[in-house]
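Results of the structural survey
As a plain string of letters, each chain reads:
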Amino acid sequence: MKNNILELIKESANNKDAYIALEKIYKLYDQLQYSSNIKQMAEDIYLWLHTNFNVDNVTFALFDIERNSRENVFIEGDEFYLDDNLSFFFIVNTHTNLNAIVSFSATSKVHYEILSDQYNIIEAALFQISPILQNGIIKKNFIESLSLDSVTKVYNRHYLIENLNKQISLSKKEYKNIYFLMIGIDHFKAVVDEFDHDIGDQVLVELAKVIHTNISEFDMVARLSGDEFLISMLSSNNEAEIEKIAKNIIEDFSKVKVQVHEDGHTLQKTICIGIDVYETYNSEDTIDKTIKNSDIALYEAKNKGRSELFKYKDLSAEDTIDLF
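Note that this is a predicted model, so its numbers are computed, not measured. (Residues numbered from 1 in each chain as written. Predicted model: local features only at pLDDT ≥ 70, side-chain atom pairs only at ≥ 80, totals over all residues. Heavy atoms only, no water.)

Overall, the coordinates contain nine salt bridges when judged by the stated rule. Between Asp193 and Lys189 there is a salt bridge; the shortest N-O distance is 2.8 Å. Placement of both Asp193 and Lys189 in helix H6 (residues 188-194) is noted, with a separation of four residues, approximately one turn of the helix. In this structure Asp193 comes out as exposed when scored by relative accessible area, which is 53%. (Salt bridge = Lys/Arg side-chain N within 4 Å of Asp/Glu carboxyl O. Helix = DSSP H or I, 4+ residues; strand = E, 2+ residues; numbered from the N terminus. Buried < 20%, exposed > 50% of the residue type's maximum accessible area, 1.4 Å probe, protein only.)

In structure tokens, the structure reads:
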């Protein structure tokens, strides 16, 4: 691949096509210098392939060697597989647990032949930009290690607390309240005791998926500890709508089946949710107090049974809250 670049440089002195190919390569290289994250880099690679080689079908994925898992960062065009007769792929080794796979597919056999003839240019370009991609992946990995829960890939407690002040500032400008939903899995400890931590992790991952499908991109969700998740809602300050979202999360998760044995046996769990609201205009309210109240509401919901929803404001002096 390095030789491809050297050969093009050597030929460019007397060969116009080689010079044009080098221009294309370094145009992509220059463009990626301005990319702020790995997704934008993937989009820029797609645009380069599409503009210069009429490629419509591109996938940029990250492969985690340790977890043997794949994360699609960018997909454009029709679905294809790496072993398709019309596909190409290039692996970027970052010397970490994450490698990048840039793959693309021709639209016809004729197009495939054209791409095959020019693949040395594409390969040389991808080799040239590999250090930029490596830095982008390492940066992504570093940021996620600081901000994301390693199991569920939602935000961790530290990142959530750190960013709540920004949410509060925005909410005050819009004169909105922030609703907090504290979510806990009913009798989660029994899952780990009866099965193992891997099954427990699967349950947590499925819950995170259900939460994300029910909330807006403007809302924030974090795993606090164990089986507890906290959602801060900025997409709505309508109590009825918030309550509906909470009920949908409870209902959707109750239908999720987690496979616990190779013979097909599955596990279904339920959750409870506690709700409290941070009133931006109330000087007595604090984030810590609101989170604590939503946690109290969660435990009150669990005291009522499975798949329960409880709002802190409905707590009366006579209610007994068993926090232990």
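Helix H4 (residues 109-147) packs onto helix H3 (residues 38-53) with a crossing angle of 165° between their chain directions and a minimal axis gap of 11 Å. Here H4 runs roughly antiparallel to H3, going by the angle between their axes. As H3 runs across H4, the sense of the crossing is right-handed. For the contact of H3 with H4, the class distribution of residues is 15 nonpolar, three polar and one charged. (Axes fitted to C-alpha atoms, helices over the stretch in contact; angles between N-to-C directions. Parallel < 35°, antiparallel > 145°, perpendicular 65-115°, else oblique. Left-handed = near helix turned anticlockwise from the far one by under 90°. Nonpolar A, V, L, I, M, F, W, Y, C, P; charged D, E, K, R; others polar.)

Note on placement: Glu251 falls in helix H8 (residues 239-254). A C-alpha to C-alpha distance of 49 Å links Glu251 and Glu123, two positions 128 residues apart in sequence.

This next bit is on the sheet that holds strand E1 (residues 57-64). One open sheet holds the four strands; their spatial order is E2-E1-E4-E3, and the pairing between them is antiparallel. Each end of this open sheet is capped by a strand with a single partner; those strands are strand E2 (69-76) and strand E3 (87-93). The sheet shows a mean angle of 20° between the axes of neighbouring strands, taken without regard to direction. Examined bridge by bridge, E1 and E2 share seven bridges and lie antiparallel to one another. Opposite Phe60, over in E2, you have Phe74 as the bridge partner. Of the strands in this sheet, E1, E2 and strand E4 (98-105) are in contact with H3, which crosses E2 at around 50°. Packed onto the sheet, H4 meets E1, E2, E3 and E4 and runs at close to 30° relative to E3. (Pairing = 2+ DSSP bridges. Contact = heavy atoms within 4.5 Å.)

Evaluation of the coordinates by the stated rule reveals eight aromatic pairs. Judged by centre distance (5.4 Å) and plane angle (20°), the ring pair of Phe88 and Tyr119 falls under stacked. Of this pair, Phe88 sits in strand E3 while Tyr119 sits in helix H4; the two residues are 31 residues apart in sequence, bridging distant segments of the chain. For the pair Phe88 and Tyr119, a shared accessibility class is recorded, and that class is buried. Connected via pairs of aromatic rings, a cluster forms that spans Phe88, Phe104, Tyr112 and Tyr119. Residue placement shows Lys302 over the ring face of Tyr299; its charged tip is 6.0 Å from the ring centre. (Phe/Tyr/Trp six-rings, centres within 6.5 Å; stacked < 30°, edge-to-face > 60°. Lys NZ or Arg CZ within 6 Å of the ring centre and 35° of its normal.)

Take the packing of helix H7 (residues 197-214) against H8 next. It is the contact of H7 with H8, at a shortest axis distance of 9 Å, that shows an interaxial angle of 140°. The angle between H7 and H8 places the two elements in the oblique class. With respect to the hand of their crossing, H7 and H8 are arranged in right-handed fashion. Here H7 contributes Val203, Glu206, Leu207, Val210, Ile211 and Asn214 to the contact with H8, which in turn contributes Ile245, Asn248, Ile249, Asp252 and Phe253. Looking at the contact of H7 with H8 residue by residue, the classes come out as seven nonpolar, two polar and two charged.

Mapping Asn282 onto the fold places it in the loop between strand E11 (271-278) and helix H9 (287-304). Classification of Asn282 by relative accessible area gives partly exposed; the value is 24%.

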